[in-house]
Amino acid sequence: MPEWFNIQIQDRFEFLSLSHLIMLAILFSGIALLLIFHRTLRTNNRLQQSVRWSLFVLLLGCEIGQTIWGLANNNWNMEDHAPLHLCGIASFLGMGALLFYRHKVIQIVYFIGIIPPVVTLLTPEVFYSFPHFRFLKFFLHHMALAWTGIFLILVSSARITFRSLLMMFGYLNLYAAFIFFLNLRIGTNYLFLAGTPDVSTPLDALGEGAWYYVNLELFCFGIFLGMYGLYRFITFMRNWKKRFGLKEEKYHDL
């Protein structure tokens, strides 16, 4: 088995190394391109479909590749490979949203599929360096998640309201309750409900014991509020442009 695909760590990942910075540059460049060309994405169906299916294939390929790598190295295990972390759930919901453009699913992906992957890439929990498969899979997968969340909200007619914020936060808490008991049952740490990640992240500042869960709730709700505020700001800017005669190109609701 080639070195880039086996389980052995040849070179350990280094935070803010050249390869890390390049991946971050690709991430934010992709986000910038989506925002800059959002009107073209709405009106040019061929371009929209190309981006749509490219994101779908990238998400699906990463999920399949993760499983193949684990099985090929006799290393598949529940904690590392089952897609039960928030980004794993966002990945499958993102693929479903790309296939069917369902507004409820798009709303969920908007709230959980943009900020968490970006924060994960800023403080990555990955041990392999470039060009190992695990390094490439980790970064490409989380990039595709963030791009998918932004793409879906830009090209669809889904709307983000405060009611949808509360509803999505409720769904997240129901899922977290299920995961909490699953963690106790099988000894995993999905959603980091059993403790903080091995690497330094903003979760380290949330305290310990009961306060960890209280602060985690507030932290997540703050992220949801931020995402809602961002959407309202973008909507305000669009309406402001229309009011002063800077009309956007029309597009069909999907």
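Mapping Ser129 onto the fold places it in the loop between α7 (115–122) and α8 (133–155). The class for Ser129 is buried, based on a relative accessible area of 15%. A distance of 2.8 Å separates a polar side-chain atom of Ser129 from the backbone oxygen of Asp11.

Taken as a whole, this structure holds 19 aromatic pairs when the rule is applied. On the basis of an interplanar angle of 80 degrees and a centroid distance of 6.0 Å, the ring pair of Phe180 and Tyr213 is categorised as edge-to-face. Of the two residues, Phe180 is situated in helix α9 (residues 162–186) and Tyr213 in helix α10 (residues 209–243); the sequence distance between them amounts to 33 residues. A residue is classified by how much of its surface remains accessible, and Phe180, at 30% relative accessible area, is partly exposed. Taken together, the aromatic side chains of Tyr110, Phe111, Phe169, Phe221, Phe224 and Tyr231 make up a single cluster linked through ring pairs.

Right, let's get into the nonpolar core. Membership of the largest hydrophobic core comes to 50 residues, with the highest contact counts inside it found for Leu27, Phe111, Phe139 and Phe151. Looking at this core, the elements that each hand over two or more residues are α1 (18–36), α3 (45–72), α5 (86–100), α6 (103–112), α7, α8, α9 and α10. Examining the composition of this core, we find that 14 residues originate from one element, α8, more than from any other. In contact with Phe111, other than residues within four places in its own chain, are Pro116, Ile160, Ser164, Leu165, Met168, Phe224, Met227 and Tyr228. Core analysis: the second largest hydrophobic core is formed by 13 residues, Leu182, Leu193, Tyr212 and Leu216 among them.

Parameters and conventions
- Residues numbered from 1 in each chain as written.
- Predicted model: local features only at pLDDT ≥ 70, side-chain atom pairs only at ≥ 80, totals over all residues.
- Heavy atoms only, no water.
- Helix = DSSP H or I, 4+ residues; strand = E, 2+ residues; numbered from the N terminus.
- Buried < 20%, exposed > 50% of the residue type's maximum accessible area, 1.4 Å probe, protein only.
- Polar contact = N/O pair within 3.5 Å; in protein donor to acceptor, adjacent residues only side chain to side chain.
- Phe/Tyr/Trp six-rings, centres within 6.5 Å; stacked < 30°, edge-to-face > 60°.
- Core = buried A, V, L, I, M, F, W, Y, C linked by side-chain atoms within 4.5 Å.
- Contact = heavy atoms within 4.5 Å.

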